[in-house]
Amino acid sequence: MQLNSTTVDEQEQCEQQGDSARKRKRGKTKMLSVHGRCERKLIIVNENNQPIGPTKDVVAELGSFLVTLARNASLCPLDIFDWRKMDTKEDLWAYTKEKYDIPDTAKKWTLDAIQAAWRRQKSNLKEHHFDAYANDEIRMQKRSEYIPASQFKDLLKYWNSEKFQRMSKTNIENRKQLKNSHTVGKKSFAIVRNELVEKRRTLLTRYHYESSLWLQDQENLEGHRRILMKIQLVKLLKWKKLKHNKVKMAAALLMHLQPFWDLNIQGDLDYMDEGLQELL
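Note that the structure is predicted; figures quoted are calculated from it, not measured.

Another aspect to go through is the overall build of the chain. Within the chain, the regular secondary structure consists of eleven helices and four strands. Contacts in the chain between residues far apart in sequence, at least 24 positions, make up 64% of those at least 6 positions apart. As presented, the chain carries roughly 19000 Å² of accessible surface, and 53% of it is formed by carbon and sulfur atoms.

Printed below as a string of structure tokens:
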């Protein structure tokens, strides 16, 4: 199946015709500007081949664009009940490449995103156009205009089957066990993770910078201590009245006072001078 912007426009026109009979209000995202443009926007991916840039707006636009592909009944028919049997995957990827300069490594992520949007669409249809009404006759009358009647009939038949009812019950129970749902809107978990990594990298850079400054200050302080000790020892050696053992005692006094120089260097020096006077 060959896909192009004309195929998408035909589906969007059907939606617009159906919406014209109702009160005008904000409808579903159509992304007509993306489908109609010729230039390709660059997409940057992370190490997991998930889009993270170049900006959050571009990534959000890509996500909305993929939703329009999943919602298009010509591109992703609703009467195919197993995504593995969807035969338009290569065409969907080729059409996405026409609109975005996205690496080939992101193909799996792209198709997974379309599949997730396709499943969400069917879930919404079931909630608002199947569960909300008592029988298929009313459901067909309330059918959304953008869904082909033939596809919706097959969908109703599938939803009424015992196999689907059992599977639906199991899925409902499994869904209740979900603890961490997606609550960040259009922002993907990949972008959230990338922002946290960048924030952590910034904090680490700042920490290393401040640590280097602290170490430099400590080295300068240690050098200052050694200079002061050398000066005092030289003074001691010049005092001829002191005997050799008293010089050793004075040096030991200097070493004892060294840890306190951080608090009050001048006060320690005064105390040291008093101790030296006692040795004379």
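What follows covers helix α7 (residues 149–160). Look at α7: 16 Å from first C-alpha to last across twelve residues, which is about the 16 Å you get at 1.5 Å a residue. Residues Gln151, Phe152, Leu155, Leu156 and Trp159 constitute the buried set of α7. The arc enclosing the buried residues of α7, seen along the axis, measures out at 140°, which places them on a common side. Turned more than 90 degrees off the buried face of α7, the exposed positions are Lys153 and Lys157. Buried residues in α7 make contact with α5 (107–129), α6 (136–141) and α8 (162–176).

Position of Ser144 among the secondary structure elements: in the loop between α6 and α7. Since its relative accessible area comes to 12%, Ser144 is described here as buried. Residues contacting Ser144, with those up to four places away along its chain left out, are Leu125 and His129.

In this section: the environment of Ala149. By the secondary structure assignment, Ala149 is in helix α7. Since its relative accessible area comes to 29%, Ala149 is described here as partly exposed. Apart from residues no more than four positions distant in its own chain, Ala149 is found in contact with Met140 and Arg143.

Moving on to the pattern of salt bridges. This structure, assessed with the given rule, holds twelve salt bridges. In this structure, the salt-bridge partner of Glu195 is Lys56, at a minimum N-O distance of 3.4 Å. Residue Glu195 is located in helix α9 (residues 189–238), and its partner Lys56 is located in helix α3 (residues 56–71); the two are separated by 139 residues in the primary sequence. Its relative accessible area of 31% is what places Glu195 among the partly exposed residues. Asp112 is the partner of Lys108 in a salt bridge, and the nearest nitrogen-oxygen pair spans 2.9 Å. Separated by four residues within a single helix, Lys108 and Asp112 lie in helix α5, roughly one turn from each other. Residue classification places Lys108 among the exposed positions, given a relative accessible area of 60%. The exposure class of Asp112 is partly exposed, given its relative accessible area of 32%.

This brings us to the packing of aromatic side chains. In the structure shown here, the tally under the stated rule is six aromatic pairs. Centre to centre, the rings of Phe81 and Tyr158 are 4.1 Å apart; their planes meet at 5°, and the pair counts as stacked. Here Tyr158 lies in helix α7 and Phe81 lies in the loop between α3 and α4 (89–99), a separation of 77 residues in the sequence. For Phe81, a relative accessible area of 32% translates into the label partly exposed. Plain terms: the ring middles of Trp83 and Trp118 are 5.5 Å apart, the flat faces sit at 50° to each other, and that makes the pair tilted. Of the two residues, Trp83 is situated in the loop between α3 and α4 and Trp118 in helix α5; the sequence distance between them amounts to 35 residues. For the residue pair Trp83 and Trp118, the accessibility class agrees, reading buried in each case. In this structure an aromatic cluster arises from ring pairing among Phe65, Tyr95 and Tyr100. A cation over a ring is seen here: Arg37 above Tyr100, with NZ or CZ 4.9 Å from the ring centre. Here the guanidinium or amino end of Arg139 rests over the ring plane of Phe130, the centre of that ring lying 3.8 Å away.

In terms of nonpolar packing, the biggest core is built from 34 residues, with Phe65, Leu69, Leu92, Ile114 and Trp159 touching the most fellow members. Elements represented by at least two residues in this core include exactly α3, α4, α5 and α7. By residue number, the principal contributor to this core is α3, which donates six residues.

Attention now moves to the confidence of the model for the chain. When pLDDT is low, close inspection of the predicted coordinates is not appropriate. In this model, the chain carries a mean pLDDT of 77, and residues with pLDDT of at least 70 account for 65%. Within the chain, the lowest mean pLDDT, 48, falls on helix α11 (residues 265–279), and the highest, 96, falls on strand β4 (residues 100–101). Taken together, the stretch residues 260–269 has pLDDT below 50 and engages in twelve contacts with residues farther than four places along the chain or on a different chain.

Reading guide: rules and limits
- Residues numbered from 1 in each chain as written.
- Predicted model: local features only at pLDDT ≥ 70, side-chain atom pairs only at ≥ 80, totals over all residues.
- Heavy atoms only, no water.
- Helix = DSSP H or I, 4+ residues; strand = E, 2+ residues; numbered from the N terminus.
- Contact = heavy atoms within 4.5 Å.
- Areas by Shrake-Rupley, 256 points an atom, 1.4 Å probe, with all protein chains shown as cover.
- Expected span 1.5 Å × (residues − 1).
- Buried < 20%, exposed > 50% of the residue type's maximum accessible area, 1.4 Å probe, protein only.
- Arc of directions from axis to C-beta.
- Salt bridge = Lys/Arg side-chain N within 4 Å of Asp/Glu carboxyl O.
- Phe/Tyr/Trp six-rings, centres within 6.5 Å; stacked < 30°, edge-to-face > 60°.
- Lys NZ or Arg CZ within 6 Å of the ring centre and 35° of its normal.
- Core = buried A, V, L, I, M, F, W, Y, C linked by side-chain atoms within 4.5 Å.
- pLDDT = per-residue confidence, 0-100.

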